[in-house]
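# Geometric and topological summary
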Amino acid sequence: MLIRSRRGWELPESAATPEDVYLNRRQAMGAGAMLLAGLGAGTLSSPAAAQRVGDVPDPSASLYPAPRNPRYTLERPVTPEAKSSLVNNYYEFSYGKVVGPSMTRFQRRPWLVKIDGLVEKPQEMGIDDLFKKVKFEERLYRHRCVEAWSMAVPWTGFPMKDLVALAAPTSGAKYIKMETFLDPKVAPNQRDFRYTWPYVEGLTLEEATNELAFLVTGVYGKPAPNQFGAPLRLVLPWKYGFKSIKGIVRFTFTDKQPVSFWEQLQGSEYGFWANVNPKVPHPRWSQASEEDIATGERVPTVIFNGYGEYVADLYKGRETQKIWF
Ligand SMILES: Nc1nc2c(c(=O)[nH]1)N[C@H]1C(S)=C(S)[C@@H](COP(=O)(O)O)O[C@H]1N2
Ligand SMILES: [Mo]
């Protein structure tokens with residue numbers, strides 16, 4: 001994500017390096033300690049000894065692969081995982097695009113999800129209990145970042161409307177505010193005071209119950225690698241990628257339009273709606289085309305990222321609002 005006044009994106013790569021080096025050193029120490037412990041107990045298993053914190057087996061692994069929903073098709077090939085897993089945005093961990101190596105302290109369990117606010121059924125549950133209440137499916141979606149790059153990903157998850165049904169919103173609920181976990185010991189950039197953590201995003205209830213709004217826990221037929229936002233992130237293919245919040249721990253139903261992370265930082269550039277439109281440039285660059293990260297080619301951008309048939313009705317009568325940024 002690019003910002004101007006706080007210039008986070010202008011941080012030189014080297015500015016992030018000491019932290020990475022520090023973390024890697026800690027990681028090496030951890031592995032060394034495990035190795036010694038394994039030797040001491042006479043149970044050395046080198047794969048286990050080499051295993052990083054983020055690599056422990058995911059308890060939801062047996063739920064994959066999920067059946068593909070054939071309703072959502074692509075006009076381009078699925079982006080190879082070898083590419084899509086190296087071009088990510090996850091500012092809590094890195095301001096660069098290769099995020100995975102900065103996530104050595106991240107653990108996907110235990111993971112509590114809270115549902116609160118204007119609902120009949122406020123609740124807090126472990127993520128594996130949530131997974132028991134929903135049905136996984138796979139969907140192929142295009143994914144378009146406001147930075148004008150795109151990819152196509154096989155996501156596994158469940159419709160957000162199923163989570164809304166579990167919450168049973170009261171008649172006063174108009175919006176859902178979502179929050180990412182907050183733990184600077186795990187996510188080093190959450191100590192960066194230029195940003196307001198945790199990452200927050202919001203949707204109208206109509207958007208959240210649109211069939212396309214998808215809560216994702218896996219990619220490529222398996223639990224998602226950490227950098228994709230495991231164990232729970234949102235995917236909204238008709239909006240710019242920053243709306244698709246990662247590492248979600250809380251859903252709050254409210255009557256007030258939430259102020260999202262990027263909106264709070266730079267509201268003139270990143271608004272609440274953020275629907276994809278090739279004709280509405282970002283204040284500092286065009287959105288007319290995008291780079292397909294699989295091929296490096298520029299392709300024309302399509303209104304609502306090609307999902308207008310599903311979502312255009314959501315915005316009828318809102319034309320006076322700034323629904324594009
Ligand atoms: N918590 C959190 N969620 C986030 C972000 C982030 O920095 N932190 N980046 C957003 C942006 S700008 C994009 S483009 C997508 C990237 O998703 P991907 O890495 O799976 O492609 O995640 C979004 N969700
Ligand atoms: Mo993005």
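Note that the structure is a prediction, hence the values are computed from the model and not measured.

### Some points on the overall build of the protein chain
For the protein chain, the count of helices and strands is 8 helices and 12 strands. Within the protein chain, the proportion of its 325 residues that are buried is 53%. Here the contacts in the protein chain between residues at least 6 apart in sequence split such that 74% fall between residues at least 24 apart. Summed over all atoms, the accessible surface of the protein chain reaches about 14600 Å², with 57% contributed by carbon and sulfur.

### Looking at the site of ligand 1
Lining the immediate surroundings of ligand 1 are 20 residues, of which Asn88, Tyr91, Glu92, His143 and Lys246 lie closest. At 2.8 Å from a nitrogen atom of ligand 1 is found a side-chain nitrogen or oxygen belonging to Glu92. Between ligand 1 and Ser244, the relevant distance is 2.9 Å, taken from a nitrogen atom to a main-chain nitrogen or oxygen of the residue. Here ligand 1 has 530 Å² of accessible area as a free molecule, and 100% of this is covered by the chains. The greatest single-element share of the shell around ligand 1, amounting to 3 residues, is contributed by strand 4 (residues 149-159).

### Digging into the confidence of the model for the protein chain
Looking at the protein chain as a whole, its pLDDT mean stands at 87, while 82% of the residues score no less than 70. In the model, residues 4-54 has pLDDT below 50 throughout and makes 50 contacts with residues more than four positions away in sequence or in other chains.

### Section: the environment of Leu212
Along the chain, Leu212 falls in the loop between helix 6 (205-208) and strand 7 (214-219). Along the backbone, Leu212 and Trp238 are 26 residues apart, and their C-alpha atoms lie at a distance of 8.4 Å. When residues no more than four places from it in sequence are discounted, the contact partners of Leu212 are Tyr72, Arg139, Tyr141, Val235, Pro237, Trp238, Tyr307, Tyr310 and Val311.

### Let's talk about the environment of Phe272
Within the secondary structure, Phe272 is located in the loop between helix 7 (261-266) and strand 11 (289-292). Sequence spacing of Phe272 and Trp324 is 52 residues, and the spatial spacing of their C-alpha atoms is 8.8 Å. Apart from residues no more than four positions distant in its own chain, Phe272 is found in contact with Tyr175, Gly202, Leu203, Thr204, Glu207, Lys243, Gln257, Pro258, Glu263 and Phe325.

### So, the pairing of strand 7
In terms of burial, strand 7 is largely enclosed, as 6 of its 6 residues are buried. With 5 bridges connecting them, strand 4 and strand 7 associate as antiparallel partners. Looking at strand 7, one finds that Thr156 is bridged to Gly218. Here strand 7 runs beside strand 8 (residues 222-223); their pairing, made up of 2 bridges, is antiparallel. Its bridge partner being in strand 8, Val219 is matched across the sheet by Lys222. Between strand 7 and strand 8, which pair antiparallel in sequence order, lie 2 residues; one of them, Tyr220, sits at a positive phi of approximately 50 degrees.

### Some details on the pairing of strand 4
When a strand is regular, its side chains alternate between the sheet's two faces. Burial runs high along strand 4: 11 of the 11 residues are buried. Here strand 3 (residues 137-144) runs beside strand 4; their pairing, made up of 8 bridges, is antiparallel. Residue pairing for strand 4: Arg144 is matched across the bridge by Ser150. Linking two consecutive strands that pair antiparallel, namely strand 3 and strand 4, is a turn of 4 residues; a positive phi of about 75 degrees is found at Ala148 within it. Here strand 4 pairs with strand 11 via 2 bridges, running parallel. Residue pairing across strands places Trp149 opposite Glu291, the latter belonging to strand 11.

### Quick look at the environment of Met125
Among the structural elements, Met125 can be located in strand 2 (residues 123-126). Residue classification places Met125 among the buried residues on the basis of a relative accessible area of 7%. Residues Met125 and Val113, 12 residues apart in the sequence, show an inter-C-alpha distance of 5.5 Å. Not counting chain neighbours up to four residues away, the residues in contact with Met125 comprise Trp111, Leu112, Val113, Ile115, Leu130 and Lys133.

Quick notes on the rules
- Residues numbered from 1 in each chain as written.
- Chains lettered and ligands numbered in written order.
- Predicted model: local features only at pLDDT ≥ 70, side-chain atom pairs only at ≥ 80, totals over all residues.
- Heavy atoms only, no water.
- Helix = DSSP H or I, 4+ residues; strand = E, 2+ residues; numbered from the N terminus.
- Buried < 20%, exposed > 50% of the residue type's maximum accessible area, 1.4 Å probe, protein only.
- Contact = heavy atoms within 4.5 Å.
- Areas by Shrake-Rupley, 256 points an atom, 1.4 Å probe, with all protein chains shown as cover.
- Near = heavy atom within 4 Å.
- Polar contact = N/O pair within 3.5 Å; in protein donor to acceptor, adjacent residues only side chain to side chain.
- pLDDT = per-residue confidence, 0-100.
- Pairing = 2+ DSSP bridges.

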